[in-house]
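Structural overview for review
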Amino acid sequence: MPILEVQNIHKSFDSTEVLRDISFSLERGQALAVIGSSGSGKTTLLRCLNFLETPDGGKIIVNGETLFDADAPAGRNDAETRAKRLHFGMVFQQFNLFPQYTALENVMLASQLLAEQRPDYKQDRRAILEGIEHHAIDLLDQMSLSGRMNHYPHQLSGGQQQRVAIARALALKPDILCFDEPTSALDPELTGEVLRVIRSLADQHMTMIIVTHEMAFARDVADHVVFMDGGVIVEQGTPEQVFADTQNERTRSFLSRYAQNS
């Protein structure tokens, strides 16, 4: 059974249809790369999966559980939405770290807020917070940031900030880790830092959806590739099928433009 099934997702903003009949599935431990030109709907798709936007139609199913069904909207509330988001870890283009918190505090924050809702929190507060801190330290160590844990975001490079953001997304142990063009705000050297982390996660069989303009990276790391254009999935398949045996003229045109500009 796929870990994620996306069925016929639609999304419009006013009169503009941004996503049209988007369907795909993802197996546990696989990496899905979503490619396409700017404005093709890639970011909106991730925001719908993470419930930052509400689709107008379709279904989202994780581990066999229907998290969203446009035909059965009753019962939606903020608490349910927050619970559904826990299935997904989100890494944004611009890092989105809290500037008033250190790297360690940024990684710990969501876990701390959730822990406060536990019935045993008051009784076991110290042990719970120690566990959260140890987990956050381990994650930052995995990101090669053990010497930067007490630094604030403005004291970190862009690549370091994005690695903190990845650690934060992993802190709640999501089923699926989503990246929205995680290197678009970075120069080439810092881009390499972040891509190495994502490659390591792929080697560990972390289930991931990666929106990216790094075509060589997508071809090398992804198990499955989706090409979007104009709010629709134009082509999807293995990297070999999409990059080396392209069947659609729009995909060929996009990849040709990319090759000319790279």
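Scroll up a little and you will see the structure.
Keep in mind that what you see is a predicted model, and the values were worked out from it rather than measured.

**A closer look at helix 5 (residues 158–170)**
- Between its first and last C-alpha, helix 5 extends 19 Å over 13 residues, near the 18 Å set by a 1.5 Å rise per residue.
- Burial analysis of helix 5 places 13 of its 13 residues in the buried class, which makes it a mostly covered element.

**Here's the deal with helix 1 (residues 42–49)**
- Of all eight residues making up helix 1, six are buried, and the element is well covered by its neighbours.
- Two residues or fewer after helix 1 comes phenylalanine 51, characterised by a positive phi angle close to 60 degrees.

**Concerning a nonpolar patch on the surface**
- A cluster of nonpolar side chains, contributed by Leu86, Leu114 and Leu172, occupies part of the molecular surface with about 200 Å² of accessible area.
- Relative to the assigned elements, leucine 86 resides in the loop between helix 2 (78–85) and strand 6 (88–91).
- On the basis of relative accessible area, leucine 86 is assigned to the partly exposed category, the value being 36%.

**Points about the side chain of serine 40**
- Inspection of the secondary structure assignment puts serine 40 in the loop between strand 3 (31–35) and helix 1.
- Here lysine 42 takes part through its side chain, which lies 3.4 Å from a polar atom of the side chain of serine 40.
- Each residue touching serine 40, except ones within four places of it in the same chain, is listed here: Val18, Met228, Asp229, Gly230 and Gly231.

**Topic: the pairing of strand 8 (residues 208–211)**
- Burial of the side chains of strand 8 extends over both faces: Met208 and Ile210 are buried on one face and Ile209 and Val211 on the other.
- Sheet analysis places strand 3 next to strand 8, joined by four bridges and oriented parallel. Its bridge partner being in strand 8, leucine 32 is matched across the sheet by isoleucine 209.
- Alignment of strand 7 (residues 176–180) against strand 8, held across four bridges, turns out to be parallel. Bridging across to strand 8, leucine 177 finds its partner in methionine 208.

**Thoughts on the nonpolar core**
- Among the nonpolar cores identified, the biggest contains 42 residues, and Ile166, Leu177, Phe179, Leu201 and Met208 are the most heavily contacted of them.
- Residue assignment for this core shows that the elements contributing at least two residues are helix 3 (103–115), helix 4 (121–142), helix 5, strand 7, helix 6 (188–203), strand 8 and helix 7 (215–221).
- Among the nonpolar cores identified, the runner-up in size contains 28 residues, and Ile3, Ile176, Ile209 and Val226 belong to it.

**Brief notes about the pairing of strand 9 (residues 224–229)**
- Judged from the four bridges that link them, strand 3 and strand 9 form a sheet pairing that is parallel. Among the inter-strand pairings, isoleucine 35 is bridged to a residue of strand 9, identified as phenylalanine 227.
- Here five bridges tie strand 9 to strand 10 (residues 232–237), and the two strands are oriented antiparallel to one another. Each bridged residue has a counterpart across the sheet, and for phenylalanine 227 the counterpart in strand 10 is glutamate 235.
- Count of turn residues in the strand 9/strand 10 antiparallel hairpin: two residues, of which glycine 230 carries a positive phi of about 60 degrees.

Conventions we followed
Residues numbered from 1 in each chain as written. Predicted model: local features only at pLDDT ≥ 70, side-chain atom pairs only at ≥ 80, totals over all residues. Heavy atoms only, no water. Helix = DSSP H or I, 4+ residues; strand = E, 2+ residues; numbered from the N terminus. Expected span 1.5 Å × (residues − 1). Buried < 20%, exposed > 50% of the residue type's maximum accessible area, 1.4 Å probe, protein only. Patch = residues over 30% accessible without salt bridge, like charges linked within 9 Å, V, L, I, M, F, W, Y side chains within 5 Å. Areas by Shrake-Rupley, 256 points an atom, 1.4 Å probe, with all protein chains shown as cover. Salt bridge = Lys/Arg side-chain N within 4 Å of Asp/Glu carboxyl O. Polar contact = N/O pair within 3.5 Å; in protein donor to acceptor, adjacent residues only side chain to side chain. Contact = heavy atoms within 4.5 Å. Pairing = 2+ DSSP bridges. Core = buried A, V, L, I, M, F, W, Y, C linked by side-chain atoms within 4.5 Å.

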